[in-house]
Amino acid sequence: MKLILFLLFSASLYALPFNLIKKGDENASSTLLVIGGIHGNEPGGYFAASILATHYKIEKNALWVVPNLNAPSIQANKRGINGDMNRKFHKIAPNDPDTNRVKQIKKIILSPKVSLVLNLHDGHGFYRKKYQGSIFNPNAWGQTCVIDQCEINTTKRFAKLDKIANSVKNSINKKLIKKHHAFDVKNTNTKFDDEAMRKSLTFFAVTHNKPAFAIETSKNLTSLTQKVFYQLLAIEEFMKITGVKYQRDFNMNIENIKKLVQNYGFLYINDKIVLNLSDIKKTLRFIPLKSIHNTFRFTHPLGSVKRDKSGFYNIYIGNKRLTALFPQYFEIAKDCPVTTTVLLNKKKHKVKIPSEFFVKGSFVVKRMDNIRVNVIGFSSKQGIDESEIRIPYGRLNKSYSIDRNNLIYRVEFYKANEFCGMSLIHFRK
Ligand SMILES: [Zn+2]
């Protein structure tokens, strides 16, 4: 099955098979590289990376974020649909489907600009030095800062890996939600003790004298929000250590992170259609698409599309399948208007096509030359063009809303039999 990924952030980097978001100073003396999604079933890591990419402003030095390294496995919610990508950094067969991803991320890791690398995971259980049961034991990975060795052989900064990992651990442990979430440092002593880890991303980095750490939150934490919370605490500590100054646009607490994790942003299709993905219904029908070459742009760095064999489009954010779009095929009209006028409380508002427009009570879409207005879920008695009609909330058929709260409706514009565009009318409660 074909995987299609079109991401709003990646316009200048279209050649990469994942998203790379660069923030801060291009000529920084310190650049922190954060990698999420090497394992597709570890959402704490990639949702944290995605929040980092969209809700942090870098004021000094630089932050590079790859939120979706193994994007096809994220969509499938599997560790690795082509096997474990984190065992492919020593050797990889040229015909391995992961070859390009591994090759490209290696190049980024080895970029002279990158000062320190973080690889984000959700691991099993809660790491304890002594065995305390099947969840709390020395073989668990959860709630650790993982290093491959105590230090690396370089005169460059950040060479003392154990010292850095310990200070990160100590800082996180001051902010625990529950006592048993305590972090520890796990040194895998990779060179001597851990054959499997010699094939890992971090070991590749440290053998090239590049400081690298893995952060493992626990798969046994009760919510995605908690995992993201601990990932962000760890990343912020690494930003402090590397001198990357930041501002975030939210206060760090569980309630705020929950809201951010559930905010899926917007999907733009062919630059003609916009869909608000938060609270979107599980299926949407009669979406005006082209029969081929549709372009999908997400405001969320983890957005992706997969076309089903039978022709509909599955829309994902990370490992969550949000909705299925069932198309109705149209030709796209030429020279379409890029705005329309909506009358609200007798006041005229210019509304972009496509965009989401908030209304209270009722609205009127003003008439445009040669354009037919179709408000989906409204049936008029006057004819097929629904401009110049006052439409109150109560006259809309709720089964045509795009959201589960029945507040958001499609207003579509056509020129003869060709599609011109769509905007959303969003009723305030
Ligand atoms: Zn992992």
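The rules we used
- Residues numbered from 1 in each chain as written.
- Predicted model: local features only at pLDDT ≥ 70, side-chain atom pairs only at ≥ 80, totals over all residues.
- Heavy atoms only, no water.
- Helix = DSSP H or I, 4+ residues; strand = E, 2+ residues; numbered from the N terminus.
- Buried < 20%, exposed > 50% of the residue type's maximum accessible area, 1.4 Å probe, protein only.
- Areas by Shrake-Rupley, 256 points an atom, 1.4 Å probe, with all protein chains shown as cover.
- Donors = N, O, S within 2.8 Å, 3.2 Å for Na, K, Ca; no water.
- Tetrahedral: all angles 85-135°; square planar, octahedral: opposite > 155°, others 65-115°.
- Pairing = 2+ DSSP bridges.
- Axes fitted to C-alpha atoms, helices over the stretch in contact; angles between N-to-C directions.
- Contact = heavy atoms within 4.5 Å.
- Core = buried A, V, L, I, M, F, W, Y, C linked by side-chain atoms within 4.5 Å.
- Salt bridge = Lys/Arg side-chain N within 4 Å of Asp/Glu carboxyl O.
- Parallel < 35°, antiparallel > 145°, perpendicular 65-115°, else oblique.
- Left-handed = near helix turned anticlockwise from the far one by under 90°.
- Nonpolar A, V, L, I, M, F, W, Y, C, P; charged D, E, K, R; others polar.
- pLDDT = per-residue confidence, 0-100.

Draft legend 1. Structural context of the overall build of the chain. Within the chain one finds 8 helices and 27 strands. Seen along its three principal axes, the alpha-carbon backbone of the chain occupies a region of about 80 × 45 × 45 Å. The buried share of the chain, reckoned over its 429 residues, is 56%. Within the structure as shown, the chain displays about 19,900 Å² of accessible surface, and the carbon and sulfur contribution to it stands at 49%.

Draft legend 2. Up close: the coordination of the zinc ion. Protein coordination at the zinc ion comes from His39 (ND1), Glu42 (OE), Glu42 (OE) and His121 (ND1), with a distance range of 2.1 to 2.4 Å. Relative to the metal, the 4 donor atoms surrounding the zinc ion lie at angles of 57 to 155°, and the coordination shape comes out irregular. Spacing between the donor residues of the zinc ion along the chain follows H-x2-E-x78-H. One end of the pair, Glu42, is in the loop between strand S3 (31–35) and helix H1 (43–55); the other, His121, is in strand S6 (residues 116–123), with 79 residues separating them in the sequence. His121 gets classed as buried once you look at its relative accessible area, which sits at 4%.

Draft legend 3. Here's a closer look at the sheet that holds strand S16 (residues 296–298). Ordered by their spatial adjacency, 3 strands build an open sheet running S14-S13-S16, and the pairing between neighbours is antiparallel. The sheet is open, and its two borders are formed by strand S14 (273–276) and S16, each paired with just one other strand. Taking each pair of neighbouring strands and ignoring which way they run, the sheet shows an average axis angle of 20°. Looking at chain direction, strand S13 (residues 266–269) and S16 are connected through 3 bridges and run antiparallel. Bridge pairing in S16 links Ile269 to Phe296.

Draft legend 4. Just the sheet that holds strand S2 (residues 21–24), in detail. One open sheet holds the 7 strands; their spatial order is S2-S5-S3-S6-S11-S9-S10, and the pairing between them is mixed. At either margin of the open sheet sits one strand with a lone partner, and together these are S2 and strand S10 (184–187). The average angle at which neighbouring strand axes cross in this sheet is 20°, direction not considered. Of the pairings in the sheet, the one linking S2 to strand S5 (residues 62–66) comprises 4 bridges and is antiparallel in character. Each residue of the ladder has a partner; that of Lys23, found in S5, is Leu63. Packing against the sheet, H1 makes contact with S2, S3, S5 and S6, and its axis sits at approximately 135° to S6.

Draft legend 5. Layout of the nonpolar core. Counting residues in hydrophobic clusters, the biggest one holds 126 residues, and the most contacted among them are Leu118, Phe213, Leu232, Phe238, Leu275, Leu277 and Phe363. In terms of residue count, helix H7 (residues 224–242) provides more of this core than any other element does, 10 residues in total.

Draft legend 6. Here's a closer look at the environment of Val65. Considering the arrangement of structural elements, one finds Val65 in strand S5. Overall, Val65 belongs to the buried group, its relative accessible area being 0%. C-alpha separation for the pair Val65 and Leu284, spaced 219 residues apart in sequence, amounts to 32 Å. In this structure, Val65 is in contact with Asn19, Leu20, Ile21, Val34, Ala49, Leu52 and Ala53, ignoring residues within four places of it in sequence.

Draft legend 7. Inspection of the pattern of salt bridges at higher detail. Taken as a whole and judged by the stated rule, the model has 14 salt bridges. With a closest N to O distance of 3.5 Å, Lys219 and Glu42 form a salt bridge. Here Lys219 is found in the loop between strand S11 (212–218) and H7, whereas its partner Glu42 is found in the loop between S3 and H1, with 177 residues between them in sequence. Of the residues examined, Glu42 reaches a relative accessible area of 2% and is grouped as buried. Across the pair Asp271 and Arg297 runs a salt bridge whose closest N-O atoms are separated by 2.9 Å. Taken together, the residues Asp271 in the loop between S13 and S14 and Arg297 in strand S16 connect sequence positions 26 residues apart.

Draft legend 8. Region of the structure containing unusual backbone geometry. Put simply, Ile353 and Pro354 share a cis peptide bond, and its omega is 0°. Note on placement: Pro354 falls in the loop between strand S21 (347–352) and strand S22 (356–359). Phi at Asn61 takes a positive value of approximately 65°, unusual for a residue other than glycine. Tracing the sequence through the fold places Asn61 in the loop between strand S4 (56–60) and S5. Among the residues examined, Asn61 registers a relative accessible area of 10% and is labelled buried. Phi at Lys346 is positive, roughly 65°, even though this residue is not glycine. Tracing the backbone through its elements, the reader meets Lys346 in the loop between strand S20 (339–344) and S21. The class of Lys346 is exposed, set by a relative accessible area of 78%.

Draft legend 9. Just the packing of H1 against H7, in detail. With their axes 8 Å apart at the nearest point, H1 and H7 run at an angle of 55° to one another. Regarding the angle of H1 to H7, the classification is oblique. Regarding H1 and H7, the two cross each other, and that crossing is right-handed. Between H1, through Pro43, Gly44, Gly45, Phe47, Ala48, Ile51 and Leu52, and H7, the contact on the second element is made entirely by Leu224, Lys227, Val228, Gln231, Leu232, Ile235 and Met239. Of the residues belonging to the contact of H1 with H7, the class tally is 10 nonpolar, 3 polar and 1 charged.

Draft legend 10. Examining the confidence of the model for the chain more closely. On average, the chain scores 94 in pLDDT, and the residues at 70 or more come to 97%. Between residues 1–13, whose pLDDT stays under 50, and residues either more than four places distant or in other chains, the model counts 36 contacts.

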